[in-house]
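# Understanding the architecture of this molecule
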Amino acid sequence: MRVIRACREMRIETAAIFSDADRHALHVQMADEAVCVGPAPSRESYLSIERVLRAARDTGSEAIHPGYGFLSENAEFASACEEAGIKFIGPAPEAIGQMGSKTAARRVAIAAGAPVVPGTEQGIRDFAEARRTAAGIGYPVLLKAAAGGGGKGMRRVDSEAELESAMRSAASEAERAFGSAEVYLEKLIERPRHIEVQVLGDEHGRLIHLGERECSIQRRHQKVVEECPSPLVLEKPELRERIGEAALKIARAVSYSSAGTLEFLADQQGNFYFLEMNTRLQVEHPVTEWTTGIDLVRWQIRVAAGEQLSVRQEDVRWTGSAIESRIYAEDPENNFFPSPGRIAQYAEPAGPGVRVDGGVYAGWTVPIEYDPMLAKLAVWGDTRETAIERMRRALGEYRVLGITTNLTYLEELMGDGEFVAGRLDTGFLEEFAKRRRAAQKNEGEVIAAVLAAAYATTQQPTFAAVSGPAPSAWRVASKQGLMH
Ligand code: MV4
């Protein structure tokens, strides 16, 4: 949807692909034409290089935007596009390949003089080497999959006694998930913040950074809320330039073109370390677009067409605060279990400072086969406080009936004292869950106390004693969990 919108504004015709499970998806209706690439399992459709390229040829496409996920960070796919004479809208296959190996990415960063987490530059070959290196780094350490990213195959190791079995399980998980058992070691940073930097380059060596995004609000390596600026940058404005410069050093070292993101961890002392690079457009790009006024997808397309990046680093200015919430079809009261199904009613929020990047409509059935993200809601405000209040307002306006969503949960999050104070780290959502449970328990006790008191004074059984005027249909639906 995002790519189709950019293309339409540039008068570029679009052809979408879809799997059997996505036959009725919104992007299929929105594109100028659409081609089925196979059955629901992504291996046989969206992940099939052959089928995607055939669809491109059949539609006479000149270029492919890979979106995010699926083949977007697949160097083999980028090469195959090149060989087929179809422009891959993204970086060169070499840059994707270099960053795809997390150990190679660390070596690039070290050679470029950027700060990296203390750890190994190569994969670990055996237990003896693991013991030596871990002792050198100092416990606790983190075992990671070289071909991984996103947290899979990661193991925390607190002492030498745990090292051998952790290595065995990390390596076998890595082999199963990524087809490579290579693992490496890093010093564990306790409760870091996750801050990433957006970069944008052309194919003539121009490269700029567009500042940071705060991405610490995650659950099981799924981001939930992202913002620009990071509250840490609001506290220490000089951090943006330092972390931006570090990102540029690394991106330059692989001659990066197109849009890319460098992930950093920031510790409680204000140090930051390069973690890995994502060589694609990211889900959370709207917050950067909004604070900088730069259309990332439009620029991806322009630089892929060979244009020079006309925005200079000194032209980049950041205005106000932007926040994005990811709207998921999931049940926060039931361990965030996916809640696919038919959307009975659907109404997006609107008004000042609100942007919805959605992919759903009333009457559509959220397929069980894929990620249950329905939409992204982004807001802008002149200050972080204004943006938070606007997000709360917009979440309250959002109507999704028929399935369970995280809308109410997000609304609560916008009112959380720690969030509002900007005290964020990667443990935030776990702590928030504890605060919620405590509040829910307290709410239950208050209701019980009110009912008891009402009965004591009126001698009338409960509901009639305490209920006011009859509630509206919306409110009844809300209380019964039919809404949101
Ligand atoms: C770490 C870390 C602490 N120390 N590395 C998780 C996903 C992957 N991209 C890297 N991750 C982490 N690497 C060291 N040396 C903590 C995490 C981490 C994390 C990072 C970003 C956002 C959320 C996270 C949640 C748990 C752990």
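Residues numbered from 1 in each chain as written. Predicted model: local features only at pLDDT ≥ 70, side-chain atom pairs only at ≥ 80, totals over all residues. Heavy atoms only, no water.

## Thoughts on the overall build of the chain
Condition: Helix and strand labels come from DSSP, where a helix needs a run of H or I of at least four residues and a strand needs a run of E of at least two; each type is numbered from the N terminus. Both definitions apply: the radius of gyration is a C-alpha atom measure, and the globule rule equals 2.2 Å times residues to the power 0.38. Relative accessible area decides the class of each residue, using a 1.4 Å probe on protein chains only: under 20% of the type maximum gives buried, over 50% gives exposed, and in between gives partly exposed. Any two residues whose heavy atoms approach within 4.5 Å at even a single point are treated as in contact. Note on areas: Shrake-Rupley with a 1.4 Å probe; residue coverage comes only from the protein chains shown. His is not counted here, nor are the chain ends, while Lys and Arg score as positive and Asp and Glu score as negative. One atom stands in for each charge, and that atom is NZ of Lys, CZ of Arg, CG of Asp or CD of Glu.
Looking only at helices and strands, the chain features 18 helices and 21 strands. A compact globule built from 484 residues would reach a C-alpha radius of gyration of about 23 Å, and the chain, at 24 Å, matches this within 12%. Buried residues in the chain amount to 50% of all 484 residues. Summarising the internal contacts of the chain: among those between residues at least 6 apart in sequence, 64% fall at separations of at least 24. With an accessible surface of roughly 22,100 Å², the chain has 51% of that area assigned to carbon and sulfur atoms. The centroid of the 57 positive side-chain charges in the chain is displaced by 2 Å from the centroid of its 68 negative side-chain charges.

## What about helix H13 (residues 384–397)?
For clarity, the cut-off: Expected span of a helix, by definition, is 1.5 Å for each gap between consecutive residues, and there is one gap fewer than residues. It is the directions from the helix axis to the C-beta atoms that the arc portrays.
Between its first and last C-alpha, H13 extends 20 Å over 14 residues, near the 20 Å set by a 1.5 Å rise per residue. Listed in full, the buried residues belonging to H13 are Arg384, Ala387, Ile388, Met391, Ala394 and Leu395. Axial view of H13: buried residues confined to an arc of 130°, hence all on one face.

## Re the packing of H13 against helix H14 (residues 407–414)
Definition in use: Under this scheme, a helix contributes an axis fitted over its contacting stretch, all axes are lines through C-alpha atoms, and angles between N-to-C directions fall in the 0 to 180 degree range. Note on terminology: angles under 35 degrees are roughly parallel, angles over 145 are roughly antiparallel, angles of 65 to 115 are roughly perpendicular, and the others are oblique. For a crossing to be left-handed, the near helix must be turned anticlockwise from the far one by less than a right angle; the clockwise case is right-handed. Polar here means any residue outside two lists: the nonpolar Ala, Val, Leu, Ile, Met, Phe, Trp, Tyr, Cys and Pro, and the charged Asp, Glu, Lys and Arg; Gly therefore counts as polar.
The N-to-C vectors of H13 and H14 enclose an angle of 160°; their axes lie 9 Å apart at closest approach. One element, H13, and the other, H14, form an angle in the roughly antiparallel class. The hand of the H13/H14 crossing is left-handed. Packed against H13, whose contacting residues are Ile388, Met391, Arg392, Leu395 and Gly396, the element H14 presents Leu407, Leu410, Glu411 and Met414 at the interface. For the contact of H13 with H14, the per-class residue count stands at 6 nonpolar, 1 polar and 2 charged.

## Looking at the site of the ligand
What counts here: Put simply, a residue is near a molecule or strand once any heavy atom of it comes within 4 Å of that molecule or strand. Throughout this description, a polar contact denotes any pair of N or O atoms lying within 3.5 Å of each other; where both atoms belong to protein, one of them has to be capable of donating a hydrogen while the other can accept it, and for residues adjacent in sequence the pair is counted only when both atoms sit in side chains.
The ligand sits among 18 residues. The nearest are Lys144, Glu186, Lys187, Ile189 and Glu276. Within the contact set of the ligand, a nitrogen atom lies 2.7 Å away from a backbone nitrogen or oxygen of Lys187. With respect to the ligand, the backbone of Ile189 contributes an N or O atom lying 2.9 Å from a nitrogen atom. Burial of the ligand by the protein chains amounts to 89% of its free accessible area of 520 Å².

## Here's the deal with the side chain of Arg213
Note on placement: Arg213 falls in strand S9 (residues 207–219). In this structure Arg213 comes out as buried when scored by relative accessible area, which is 0%. Polar contacts involving the side chain of Arg213 include one to the side chain of Thr261, which spans 3.0 Å. Engagement of the side chain of Arg213 in a polar contact is seen with the side chain of Thr288, the distance being 2.8 Å. Setting aside chain neighbours within four positions, we find Arg213 in contact with His194, Ile195, Glu196, Gln198, Glu227, Thr261, Gln282, Glu284, His285, Val287 and Thr288.

## A look at the state of the cysteines
Defined as follows: Count a disulfide wherever a pair of cysteine sulfur atoms falls within 2.5 Å.
Inspection of the entire model under this criterion finds 0 disulfides. Cys36 forms no disulfide, and the closest cysteine sulfur to it belongs to Cys81, at a distance of 19 Å. Counting only cysteine sulfurs, Cys215 is the nearest neighbor of Cys228, a cysteine outside any disulfide, at a range of 9.8 Å.

## Brief notes about the packing of aromatic side chains
Rules: Stacked, edge-to-face and tilted labels apply to pairs of Phe, Tyr and Trp rings (six-membered ring for Trp) whose centres lie within 6.5 Å, assigned for plane angles under 30 degrees, over 60, and everything in between, in that order. Only lysine NZ and arginine CZ atoms are considered, and such an atom sits over a ring when it is within 6 Å of the ring centre and within 35 degrees of the ring normal.
Applying the stated criterion across every chain yields a total of 11 aromatic pairs. Both rings, one in Phe264 and one in Phe274, keep their centres 6.0 Å apart while their planes meet at 70°; by these two values the pair is edge-to-face. Here Phe264 is found in strand S11 (residues 258–266), whereas its partner Phe274 is found in strand S12 (residues 272–278), with 10 residues between them in sequence. Relative accessible area serves as the criterion here: at 0%, Phe264 is assigned to the buried category. These aromatic residues form a ring-pair network of at least three members: Phe336, Tyr409, Phe428 and Phe432. Over the face of the ring belonging to Trp318 we find Arg240, whose NZ or CZ atom lies 4.3 Å from the ring centre. Cation over ring: Arg302 sits above Trp299, and NZ or CZ is 4.1 Å from the ring centre.

## Section: the pattern of salt bridges
Defined as follows: Any carboxyl oxygen of Asp or Glu that lies within 4 Å of a side-chain nitrogen of Lys or Arg is treated as forming a salt bridge with it.
In this structure the tally under the stated criterion is 40 salt bridges. Beyond isolated ion pairs, a larger network of salt bridges with shared partners links Glu196, Arg213, Lys223, Glu226, Glu284 and Arg326.

## What about the confidence of the model for the chain?
To keep it simple, the criterion reads: One number per residue, pLDDT, summarises how confident the predictor is, and it ranges from 0 to 100.
Residues at a pLDDT of 70 or more form 95% of the chain, whose mean pLDDT is 93. Of the regions scoring below 50 in pLDDT, residues 469–481 engages in 8 contacts with residues more than four places distant in sequence or in other chains.

## Observations regarding the pairing of strand S7 (residues 183–187)
Note the threshold: When DSSP finds two or more bridges between two strands, those strands count as paired.
Of all 5 residues that make up S7, 4 are buried, and the element is covered over most of its length. Two strands pair when backbone bridges link them, and strand S5 (residues 141–145) and S7 are joined in this way by 5 bridges, in the antiparallel orientation. Considered in S7, the bridge of Ala145 is made with Val183.

## Brief notes about the sheet that holds strand S6 (residues 155–157)
Taken in spatial order, the 3 strands of this open sheet run S6-S5-S7, and their pairing is antiparallel. The outermost strands of the open sheet, each flanked by one partner alone, are S6 and S7. Averaged over neighbouring strand pairs, the angle between their axes works out to 30° when direction is ignored.

## Side note on helix H10 (residues 238–253)
With 16 residues, H10 should reach 22 Å at 1.5 Å per residue; the first-to-last C-alpha distance of 23 Å fits that figure. Turning to H10, its buried residues number three or more, namely Leu239, Arg240, Ile243, Gly244, Ala246, Ala247, Leu248, Ile250 and Ala251. Immediately downstream of H10, the backbone of Ser255 shows phi near 50°, a positive value.

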